[in-house]
Amino acid sequence: MKRISRIAVSLFVVLLAGVLLASLAAMAAGGPSVEKIKQRGELKVGVKADVLGFGFKNLQTGEFEGYEIEIARRIAKEILGDAKKIEFVPVTAKTRAALLDNGEVDMVIATFTITPERRKIVDFSPVYYTDGIKLLVKKDAGIKSLKDLDGKVIGVAKGADTANRLKQQGEKLGASLRFAEFETYPEILSALQAGRVQAFSTDGSILKYYESLDKSTVLLPQRYSAEEYGVTTKRGNDDLRDLVARVITDLDKSGELDRLQDKFGIASEK
Ligand code: GLU
């Protein structure tokens, strides 16, 4: 009887050690979602193609450039040991969550604001940049602030949180705002040029590029919100979420995020 229980105890110990070793090995590899990226040998990242300084496709070289692109490269280096093993997939405010959900990208680094509602659907890293909603208007329209848009139409992108936030600001100012939603930002610029909307609104970082495309427009200086950007991963991919959080925290603590913002001329107005 004694012998049998000794055998049982030894078997149990061996089993426990096996389980411990296996989980240690999984931890070293980074867990299932990180392991999947390692096996593929390439990190897939959803980025913007039209946000200068953040995620921008240089049409001359065909390369993606900007602050968010550099962050993506640091994450690729951490996972795969090579900052070049990366595929950039252009996304818009409307498409980014779906691309993440259906697994076409491992993460999204695309001016994606952290909000409590979105936290229910996706995971976010700590904040890597803070921006704010602004207004792009025609120079000759005589519009100086949000209050002047009382009764007028503001063009916003589908999938963006812009209208929600501006509505709250409008209520405070006693201005009743109307909104028109568009699939993409270039379509909102066209609508502004055609007079179908009286303002084009989204984050200042995004609007800067569209202001540069049309000299008859002006970006009003006032910010109407604090947009805190986070790297987004699919819910359930906890190992990847934790790894990304660690990379962002390290880049922040070492001062590298500030250096990168200076490099791309986007040092945030803190
Ligand atoms: N950052 C804002 C948002 O996430 C604007 C949309 C965008 O990033 O294009 O709602």
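Scroll up to find the structure.
Chains are numbered independently. Their residues run from 1 in the order of the written sequence. Thresholds applied to this predicted model are a pLDDT of at least 70 for local features of residues and 80 or more for the giving and counting of side-chain atom pairs; totals over whole chains, interfaces and linings are not thresholded and use all residues. Hydrogen atoms and water are omitted, and side-chain values are computed over all heavy atoms in the structure.

Draft legend 1. Looking closely at the pairing of strand S9 (residues 133–138). Residue exposure (1.4 Å probe, protein chains only): buried if accessible area is under 20% of the type maximum, exposed if over 50%, otherwise partly exposed. Helix and strand assignments come from DSSP, with helices taken as H or I runs of at least 4 residues and strands as E runs of at least 2, each series counted from the N terminus. Taking burial as the measure, the six residues of S9 include five buried ones, the bulk of the element. Each pair of strands is called paired provided DSSP finds at least two bridges between the two strands. Of the strand pairs in this sheet, S9 and strand S12 (residues 199–203) are connected by four bridges, and their pairing is antiparallel. Residue pairing for S12: Leu 135 is matched across the bridge by Ser 201.

Draft legend 2. Focus on the pattern of salt bridges. Here, a salt bridge means any side-chain nitrogen of Lys or Arg that lies within 4 Å of a carboxyl oxygen of Asp or Glu. Evaluated as defined, the whole model comprises 13 salt bridges. Among the ionic pairs, Glu 256 bridges to Arg 74, the shortest N-O distance being 2.9 Å. Taken together, the positions of Glu 256 in helix H10 (residues 256–263) and Arg 74 in helix H3 (residues 67–80) put the pair 182 residues apart, joining distant regions of the chain. A salt bridge links Arg 165 to Asp 161; the nearest nitrogen and oxygen atoms lie 3.3 Å apart.

Draft legend 3. Focus on the sheet that holds S12. Ordered in space as S11-S10-S12-S9-S13, the five strands form an open sheet in which the pairing is mixed. Two strands bound the open sheet, and with one partner strand each, they are strand S11 (178–182) and strand S13 (217–219). If you compare each strand with its neighbour and ignore which way they point, the axes differ by 30° on average. As defined by bridge partners, S9 adjoins S13 across three bridges and the pair is classed as antiparallel. Along S13, the bridge assignment pairs Val 137 with Val 218. We call two residues contacting when some pair of their heavy atoms lies within 4.5 Å. Each axis is a line fitted through C-alpha atoms, taken for helices only over the stretch in contact, and angles between the N-to-C directions span 0 to 180 degrees. Each of S9, strand S10 (153–157), S11 and S12 touches helix H6 (residues 162–173); the most contacted strand, S9, lies at about 90° to it.

Draft legend 4. The site of the ligand, seen in detail. Residues are counted as near a molecule or strand when any one of their heavy atoms sits within 4 Å of it. Surveying the vicinity of the ligand reveals 15 residues, the closest of which are Lys 48, Thr 111, Asp 161, Tyr 185 and Asp 203. Distance and chemistry together define a polar contact, namely a pair of N or O atoms within 3.5 Å, with one atom able to donate a hydrogen and the other to accept it when in protein, and with adjacent residues in sequence counting only for side-chain atoms on both sides. Backbone polar atom of Thr 111 to a nitrogen atom of the ligand: 2.7 Å apart, as the coordinates give it. In the model, an oxygen atom of the ligand is placed 2.7 Å from a nitrogen or oxygen of the Tyr 185 side chain. For accessible areas, the Shrake-Rupley method is used with a probe of radius 1.4 Å. Any residue's cover is judged against the shown protein chains and nothing else. Surface burial for the ligand is 99%, taken as the share of its 280 Å² of free accessible area covered by protein chains. Secondary structure elements with two or more residues in the shell around the ligand: S12 and strand S14 (227–229). Each residue is assigned to one class: nonpolar for Ala, Val, Leu, Ile, Met, Phe, Trp, Tyr, Cys and Pro, charged for Asp, Glu, Lys and Arg, and polar for all the others, Gly among them. The residue inventory of the shell around the ligand, partitioned by class, reads six nonpolar, three polar and six charged.

Draft legend 5. Quick look at the packing of helix H2 (residues 32–40) against helix H9 (residues 238–253). The interhelical angle for the contact between H2 and H9, taken along N-to-C directions, is 80°, at an axis separation of 5 Å. As summarised for this structure, H2 and H9 are arranged roughly perpendicular, according to the angle between their axes. Residues Pro 32, Ser 33, Val 34 and Ile 37 of H2 pack against Asp 239, Leu 240 and Leu 243 of H9. Tallied by class, residues from the contact of H2 with H9 come to five nonpolar, one polar and one charged. Any angle from 65 to 115 degrees is called roughly perpendicular, while one under 35 is roughly parallel, one over 145 is roughly antiparallel, and all others are oblique.

Draft legend 6. Representation of the side chain of Arg 118. Note that Arg 118 resides in helix H5 (residues 116–119). Neither His nor the chain ends is counted toward charge; the positive residues are Lys and Arg and the negative residues Asp and Glu. Among buried Asp, Glu, Lys and Arg side chains, Arg 118 stands out as unpaired, with Asp 161 the closest opposite charge at 4.9 Å. When near neighbours in sequence (up to four residues on either side) are disregarded, Arg 118 contacts Arg 96, Phe 112, Thr 113, Phe 124, Gly 159, Ala 160 and Asp 161.

Draft legend 7. Here's a closer look at the environment of Leu 80. One can find Leu 80 in helix H3. Among the residues examined, Leu 80 registers a relative accessible area of 17% and is labelled buried. Each C-alpha atom, one on Leu 80 and one on Glu 42, is 7.5 Å from the other, the two residues being 38 residues apart in sequence. With sequence-adjacent residues up to four places away left out, Leu 80 is seen in contact with Ile 37, Lys 38, Gly 41, Glu 42, Leu 43 and Lys 85.

Draft legend 8. Region of interest: the sheet that holds strand S5 (residues 86–90). Ordered by their spatial adjacency, five strands build an open sheet running S5-S1-S6-S15-S7, and the pairing between neighbours is mixed. The open sheet has two edge strands with one neighbour each: S5 and strand S7 (122–124). Across this sheet, the average inter-strand angle for adjacent strands is 30°, counted without regard to direction. When S7 meets strand S15 (residues 232–234), the two strands line up antiparallel, connected through three bridges.

The analysis is restricted to geometry; functional conclusions fall outside its scope.
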